[in-house]
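Architecture at a glance
Single-letter residue listing:
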Amino acid sequence: MNKALLSFLLLAASFGVYAQTFPVSGNVTDAESDMPLPQVNIIVKGTTRGVVTDFDGNYTIDGISAGDILVFSYIGFASREITIGTQHTIDVKLHPDLQALDEIVVIGYGSQVKKEITGAVSTINSGTIEELKPLNAAQALQGTASGINVTPQGGAPGTESNIRIRGISTNRNNAPLIILDGFQYEGGLNSINPQDIENITVLKDAQAAIYGTIAANGVVLVTTKSGRKNQKARISYDGYTGIQETTRRLPVLNATEYALLLNESYANAGQQLPFPDVSTLGAGTNWQNEVFRQAPVTNHNLTITGGEEKVSYSLGASHLDQEGIIGGDKAGFRRSTARISLDAEVSDKLSVSTKLFYNRTKNHNINSFSLGSVLFNAANIAPVINPSQDNLDGTLSLGNEVVNPLTQIENTFNEYITNRLSGTLQASLKYIRNMELQARFGFNTSNTRNREFSPVYNYGAGKIYTRSDNMVTLAKINDNDYTFDLFNTYSNTFEDHHRVTLMAGMTAYRSYGEGLNGTRTGVQANQWKFADFNTATGSGDNQTNGSWAYDQRRLSYFGRLQYAFKDKYLFSAMIRRDASTYFGPDERVAYFPSATAGWVVSEEGFFDNTGIVNFLKLRGSYGVMGNDRIPAFGYLSLLNGEATYVLGDAQSLVNGYAPGTLANPAIKWEEAKKLDIGFDLQLFGNKLELVADYFRNVREDLLIDNIPVSGILGTGAPGAAGPILNAGTVENTGWEFALNYNQTFDNELTISAGYNIATLNNKVTRVNNGTGYIEGGGFGVGQPAPARMEEGKPMGYFYGYRTDGIFQTQEEVDAHPSQSALGASARPGDIRYVDLNGDGVLDAGDRTDLGNPIPDITMGLNLGLQYRGFDFSAFSFANLGNDIVRNYERDQPNVNRMNYRLNRWTGPGTSNSVPRVTTNPTANQVFSDFFVEDGSFARIQSITLGYTVPLKFVEKSGLDKFRIYTKVDNVHTFTKYSGYDPTASTGEPIGSGIDYGFYPVPRTYIIGVNLQF
């Protein structure tokens, strides 16, 4: 009996023990791409028991008890700890570790582990791009990386963005070099499908010197997505649709306010009132409501990825269709892309890869950012005019530029189509131990067809858009370039402490193309569909033809040494020799050296990295880079001037060509000398990262146009100009800080946050062109240029008259220096200008510094949250300390006005900020600080909320993932600027920050879906 009882108890106990342990299985995926992760380590915390995931990310681990903690870890991803309850199936998503020290970063002609990088490098990964879903990939850089300022050239569909890395350094092209999968890419980031991008790396300091003469403005390295080996085919679809709308309308006067103000201006001039009875006018026409509309945007993206043991592939296609909030389809943009990526290990020593990209863009434009643009007309046309009145004859004169903007849109016809094919073929051969030879050929070829048509139309007497004969303009352009790289890399470690990497190679680059354009008049039926040369029967001066061709080449040799001692003392040195056909034979070759160094303090024996501080690296760099982005043949004098010759026995006058810009065979490269000192710090178990940098960039030998020389050399002829000379220097200094936080909690909550801030001090230190300054930009009609490049000032600073309130009485006018040289004598109610030089008269000698278009501070703040199936992200950025010129108000007596004019001066003491209204001539419209505003702003760029349906609800339908999301772009902008959009910028170094009637960046409401099979 006792033996039987004892046997029963032992059996029950063993059964109970068995019942307390159970197997746990599941799948581990990348949280951003939902791709399976092979070889993920899974261990029971506090034990040595563990397994790894298979090629599909699946795992099973036995002997698990309730309360055990499973630790999931994978290189480049944040580890997860999950406490086991009663569940037997646990699917895990690992998030990329933004602070992962073992992350591989592309640095140009190679890659490097993040913890060993000794230069100033910023990286934006596919997760950030996926959350932002920008229409233009350049927008992914705004607010996500310190020291990088991205401003749109307009809000119209298909518009490119200006990317400026650590300030404006030259009076010419400030755009950074774009390297797409290893080859130079001139197509612009707007032509790349953002969802094809794996990551973007920005080289901001001497780290970019490996690219030599094309790296002075910084380098943007774009790496596109590739397949993964040992993975079954996975199909992903991302699609969304949305509605766009304007974020702002200018506060203009309604019809009654307009009439009352106009009556007052006529009365002040002693003229008859144009509106004797205003009681019936009401609000009149709101022209901005007539022009702005809600516009759709849709995007579809399909990707197929997979691979076998030695081969991986990735295919993708996308289509974007965006209409304009002004003009609709007449301002539409369509982009279709296709790509293929193939990687193969031919043998243990030889691997090859190829990527091929095709994109087609088709867009239509309206006049959106200049004097006479659609928004300019909508802001200035009188609200008493009916929208149906196409011809403005019989109405109050509004000047020769202002027309009915609806009619302007209706009569705008154009089409711009570009087909681009780009690709790269790369082979890597490990021919002996520690040696790898890589060869890469990249190419771009594009064909562009442009067609524009201006129909016969009468907008009113004297209007500049009125045409008595129609005109068609056609252009066909073929652009090509290729890059061939050949470089050899040697890597070895000596005595376990000395790690050396040597790289040497060469690059050959060629850019060539041709174009043909022409105009014809007399198009049949005066219709767009017949707008072609074969239907145009006109004659006269408007039957023109033009053509051009170019062929530029660059040959480069380069080398780089990277050395690490005990993983704590780091050093690299680079040298590049460039030869470019942009320069004359005597100045064609230049050398660009650089060096970087770092000290990983946390690897020292005295450093305890188990505490708050886990990683600390001090680093510094200095290097010289060049800039050859200048007009071709500047060292020669071309026959592009004009002259009249006396020829023949009859001594006839014949028009012909003459030398244009005088030659200067001695022009040479602009040189950028860049210094950077910084540190990288990781805290609290690598959850918090702080990166700080101080930089000083000096750009020397800037190329200045039209240096004054004696007229006897022929510079007075039409089209002629003085020579180009290396005669300028610009300095940019500043600080950058980036703070990133990333943590995943046991309750499946993941929080990521990032904040970055950068300061910038821009100063021109030399302009040796005889006058000491260069002018640029435009204001009003017939006024001097409002922007300058001048020694001691920021690039493109605003130059005009300083104001001192409003004259209140005639006695104040009489006691003040005369202002008649500005265009009219002052009267009470006019703007009082400051006589800065004290000579007793207001004239051009009293102009001064009125503001700076370059922001003093740029910053970004970003937040991400994931909890179980929900995800939330928000991105924002800000510019502080920059100024904007308000230049969209027409100086004509009868145009509409902004409502601040209601606070005008009407008598002594009524206003000391807004002048009187009158139709008589005044000096109130000369460029002054009256038209300069604070352009500082903070913008909530994007907010996204998504939900991923649990797999158990969708797997029966064959889906591996089903996510729905909603998103708002351009949520809100906090600013005191009164114009449409404070990000207004032409991108010109001299003249940036002048608002000509900026097409606002639209707010977009999006709903979308992610599917994976």
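This structure is a prediction, so every number in the text was calculated from the model and none was measured.

Turning to the overall build of the protein, a few remarks are in order. Looking only at helices and strands, one finds eight helices and 50 strands in the protein. Its C-alpha atoms give the protein a radius of gyration of 33 Å, within 12% of the compact-globule value 31 Å for 1013 residues. Principal-axis analysis of the C-alpha atoms gives the protein an extent of 130 × 70 × 65 Å. A separation threshold of at least 6 residues defines the contact pool for the protein, and within that pool the share at least 24 residues apart is 71%. By element, 56% of the accessible surface of the protein is carried by carbon and sulfur atoms, the whole surface being about 42,700 Å².

Before going further, it helps to examine the environment of Asn627. Tracing the backbone through its elements, the reader meets Asn627 in strand β29 (residues 613-627). Sequence separation between Asn627 and Lys668 is 41 residues, and the spatial gap between their C-alpha atoms is 9.4 Å. With residues near it in sequence (within four places) discarded, Asn627 still touches Thr170, Asn173, Thr213, Ala216, Asn217, Phe583, Trp669, Glu670 and Arg699. A polar side-chain atom of Asn627 sits 2.9 Å from a polar atom in the side chain of Glu670.

One non-glycine residue, Asn230, adopts positive backbone phi at about 55°. Relative to the helices and strands, Asn230 resides in the loop between β16 (219-224) and β17 (231-245). By relative accessible area, which is 26% here, Asn230 ends up partly exposed. With a phi angle near 50°, Arg868 is a residue other than glycine that sits in the positive phi range. Note that Arg868 resides in the loop between β43 (857-867) and β44 (870-880).

Here we come to the packing of aromatic side chains. According to the stated counting rule, one finds 25 aromatic pairs in the structure shown. Ring geometry for Phe565 against Tyr569: centres 6.0 Å apart, planes inclined by 15°, an arrangement best described as stacked. For Tyr569, a relative accessible area of 34% corresponds to the partly exposed category. Ring-pair connections join several aromatic residues into one group, and the members of that group are Phe779, Tyr900, Phe927, Phe930 and Phe931. Stacked on the ring of Phe930, the Lys or Arg Arg886 has its end atom at 5.5 Å from the ring centre.

A few words now on the pattern of salt bridges. Side-chain pairing between opposite charges can occur once the charged atoms of the two side chains come close. If you walk through the whole model with that rule in mind, you get 48 salt bridges. Across the pair Glu345 and Lys229 runs a salt bridge whose closest N-O atoms are separated by 2.1 Å. One end of the pair, Glu345, is in strand β20 (residues 328-345); the other, Lys229, is in the loop between β16 and β17, and 116 residues separate them in sequence. According to the relative accessible area criterion, Glu345 is partly exposed, its value standing at 31%. A salt bridge links Glu700 to Lys673; its shortest N-O distance comes to 3.2 Å. Linking Glu700 in strand β33 (residues 688-704) with Lys673 in strand β32 (residues 670-683), this pair joins segments that are 27 residues apart in sequence. Note on Lys673: relative accessible area 26%, which makes it partly exposed. Beyond isolated ion pairs, a larger network of salt bridges with shared partners links Arg166, Lys204, Lys617, Arg619, Asp676, Asp680, Asp693 and Glu736.

Moving on, we get to helix α3 (residues 255-268). Quick reminder: α-helices carry 3.6 residues per turn. Residues three or four places apart thus point the same way. A rise of 1.5 Å per residue sets the reference length of α3, with its 14 residues, at 20 Å; its end C-alpha atoms lie 20 Å apart and thus fit the reference within 8%. Within α3, the full set of buried residues consists of Ala255, Tyr258, Ala259, Leu261, Leu262, Asn263, Glu264, Ser265 and Tyr266. Structurally, the start of α3 carries an N-cap: the backbone nitrogen of Thr256 is 3.1 Å from a side-chain oxygen of Asn254. The first or second residue beyond α3 is Gly270, which carries a positive phi of 70°.

This brings us to a nonpolar patch on the surface. There is a patch of nonpolar side chains on the surface, built from Leu315, Ile340, Leu356, Tyr358 and Leu421 and spanning about 370 Å² of accessible area. Along the chain, Leu315 turns up in strand β19 (residues 311-324). The class of Leu315 is partly exposed, set by a relative accessible area of 34%.

The topology assignment puts Lys133 in the loop between α2 (126-132) and β11 (148-152). Within the local environment of Lys133, its side chain forms a polar contact with the side chain of Glu130, the two groups lying 2.5 Å apart. A polar atom in the side chain of Lys133 sits 3.3 Å from the side chain of Asp238. Aside from chain neighbours lying at most four places away, what touches Lys133 is Gln195, Asp238, Tyr240, Arg963, Tyr965, Lys967 and Asn1010.

Thresholds applied
- Residues numbered from 1 in each chain as written.
- Predicted model: local features only at pLDDT ≥ 70, side-chain atom pairs only at ≥ 80, totals over all residues.
- Heavy atoms only, no water.
- Helix = DSSP H or I, 4+ residues; strand = E, 2+ residues; numbered from the N terminus.
- Rg over C-alpha atoms; globule rule 2.2 N^0.38 Å.
- Contact = heavy atoms within 4.5 Å.
- Areas by Shrake-Rupley, 256 points an atom, 1.4 Å probe, with all protein chains shown as cover.
- Polar contact = N/O pair within 3.5 Å; in protein donor to acceptor, adjacent residues only side chain to side chain.
- Buried < 20%, exposed > 50% of the residue type's maximum accessible area, 1.4 Å probe, protein only.
- Phe/Tyr/Trp six-rings, centres within 6.5 Å; stacked < 30°, edge-to-face > 60°.
- Lys NZ or Arg CZ within 6 Å of the ring centre and 35° of its normal.
- Salt bridge = Lys/Arg side-chain N within 4 Å of Asp/Glu carboxyl O.
- Expected span 1.5 Å × (residues − 1).
- Patch = residues over 30% accessible without salt bridge, like charges linked within 9 Å, V, L, I, M, F, W, Y side chains within 5 Å.

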